[in-house]
Amino acid sequence: MPRQLHIAVERFPIAGRFVISRGAKTEAVVVVATLVEGGFRGRGECVPYARYGESLESVVAQIESLRQTIEAGLGREDLQTILPPGAARNALDCALWDLEAKASGVPVFRQAGLAPPAPVTTAYTLSLDTPEAMAAAAKAAARPLLKLKLGGDGDAERLAAVRAAAPHAQLIVDANEAWSPAHLAGHFAACAAQGVALIEQPLPAGADTILAEIAHPVPLCADESLHDRGDLAALRGCYEAINIKLDKAGGLTEALALAADAERLGFQCMIGCMVASSLAMAPALLLAGRADYVDLDGPLLLAQDRPDGLHYDGARVYPPTPALWG
């Protein structure tokens, strides 16, 4: 049987709301690419993200536009030259990895030359809210690594409230581009006072080169400013770390190369995610062994994950079974 491509849009309600500085949402909408060939099935999941000029319709159209080429046997390496980094390429790239693993019986980690995946500690994200609500969420979560979504005014109070509620937790903060240059010194001081380990994307992408000239007592991590290897050079001197997400990089193939280049350049690495199901987390988990921080809590934010999802035991997330991916 020739290879067949199937495209599906799936929706996963979020437990409550997921709130960042750019807005809130109550469901995760994902696109799943499934490749069927020789009785084997490979899957990849992506999240279209409006911040990067993507929509559900545009991502589905991108994948659909390659139907003939994909079904004719397109491989991962050629895919990198046909589609730009982004959600559509991620879904197809991960589906190709999974299909090859299923057909060959060789797990993806071995194909990629990686060590066998092991359980890792993931961050748990606290949505942007009032100081009192974020403190209550931190106390209820009782996790060793918390990631706080911040948004500008009132952030010092949010930080202080969360720290009081979780005195022993390691804290990461994520401003999602919401801070302004005029208030950076105050925000940085507040983070330092509460023992924050890492600050993600304090300024808008494209307006963050001034970070090279501003003293920051807490290491900075590029998220929206970092997609693939082509962005790394411009980030040196501004950031100490990068957040690698497969939806930004365009799949596991580029993410592996990006992580290797980042390490050579001296960046710390976070392996991050969009809010999505375990199928989107599984490929990213293969990078967790070389990461300084792991933020793969997407399924924990859902009301219900997909069948055969990842096993989470408190803050620990375990490698996927072949029934899920890889």
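In this text the structure is predicted, and so the values were computed from the model without any measurement. (Residues numbered from 1 in each chain as written. Predicted model: local features only at pLDDT ≥ 70, side-chain atom pairs only at ≥ 80, totals over all residues. Heavy atoms only, no water.)

Break down helix α4 (residues 87–104) for me, citing the residues and quoting the values.
Residues lying three or four places apart along an α-helix face the same way, a consequence of the helix completing one turn every 3.6 residues. For α4, built from 18 residues, the straight-helix expectation of 26 Å at 1.5 Å per residue is met to within 8% by its first-to-last C-alpha distance of 26 Å. Counting buried residues in α4 gives 14 out of 18 residues, a clear majority hidden from the surface. (Helix = DSSP H or I, 4+ residues; strand = E, 2+ residues; numbered from the N terminus. Expected span 1.5 Å × (residues − 1). Buried < 20%, exposed > 50% of the residue type's maximum accessible area, 1.4 Å probe, protein only.)

Give a description of the pairing of strand β3 (residues 40–46) that names residues and reports values.
The two faces of a sheet get side chains in turn, since along a regular strand they alternate between them. Within β3, five of the seven residues are buried, leaving the element largely enclosed by the surrounding structure. Between strand β2 (residues 23–37) and the antiparallel strand that follows it, β3, lie two residues; glycine 38 among them carries a positive phi value of about 60°. (Pairing = 2+ DSSP bridges.)

Just give me the short version of the sheet that holds strand β12 (residues 293–294), but keep the residues and values in it.
Spatial strand order, β5-β6-β7-β8-β9-β10-β11-β12: eight strands in an open sheet with parallel pairing. What marks the edges here is a single partner per strand, and that holds for β5 (124–126) and β12. Two elements, strand β11 (residues 268–271) and β12, share two bridges in a ladder whose sense is parallel. Among the inter-strand pairings, methionine 270 is bridged to a residue of β12, identified as tyrosine 293.

Please provide a residue-by-residue account of the nonpolar core, values included.
Leu146, Leu148, Ile242, Leu252 and Trp325 are the most contacted members of the largest nonpolar core, which totals 84 residues. When near neighbours in sequence (up to four residues on either side) are disregarded, isoleucine 242 contacts Cys221, Ala222, Leu226, Leu232, Leu235, Leu258, Ala262, Phe267, Gln268, Cys269 and Met270. Grouped together as the second largest cluster of nonpolar side chains are 19 residues, Leu66, Leu83, Ala88 and Ala91 included. (Core = buried A, V, L, I, M, F, W, Y, C linked by side-chain atoms within 4.5 Å. Contact = heavy atoms within 4.5 Å.)

Account for the packing of aromatic side chains, with residues named and values stated.
A full pass over the atoms with the stated rule returns two aromatic pairs. Aromatic pair tyrosine 49 and tyrosine 52: ring centres 5.3 Å apart, planes at 55°, arrangement tilted. Tyrosine 49 sits in the buried class, given a relative accessible area of 18%. Aromatic side chains tryptophan 179 and phenylalanine 188 sit 6.4 Å apart centroid to centroid with 65° between the ring planes, which places their arrangement in the edge-to-face category. Residue classification places tryptophan 179 among the buried positions, given a relative accessible area of 4%. When its relative accessible area of 2% is taken as the criterion, phenylalanine 188 is described as buried. Lying over the aromatic face of tryptophan 97, arginine 76 brings its terminal NZ or CZ to 3.5 Å of the ring centre. (Phe/Tyr/Trp six-rings, centres within 6.5 Å; stacked < 30°, edge-to-face > 60°. Lys NZ or Arg CZ within 6 Å of the ring centre and 35° of its normal.)

I'd like a description of the pattern of salt bridges, backed by residues and values.
Per the counting criterion, the structure on display carries 21 salt bridges. Measuring nitrogen to oxygen at the nearest pair gives 2.4 Å for the salt bridge that ties lysine 102 to aspartate 98. Of this pair, lysine 102 and aspartate 98 both sit in helix α4, four residues apart, which is roughly one turn of that helix. Note on lysine 102: relative accessible area 24%, which makes it partly exposed. Classification of aspartate 98 as buried rests on a relative accessible area of 1%. (Salt bridge = Lys/Arg side-chain N within 4 Å of Asp/Glu carboxyl O.)

How would you sum up helix α11 (residues 252–264)? Please name residues and give values.
Helix length check: α11, at 13 residues, gives a terminal C-alpha distance of 18 Å against a target of 18 Å (1.5 Å per residue), a fit within 8%. Of all the 13 residues making up α11, ten are buried; the element is thus mostly covered by neighbouring parts of the structure. Residues of α11 that are buried include every one of Leu252, Thr253, Glu254, Ala255, Leu256, Leu258, Ala259, Ala260, Asp261 and Ala262, and no others. Phi turns positive, to about 90°, at glycine 266, one or two residues after α11.

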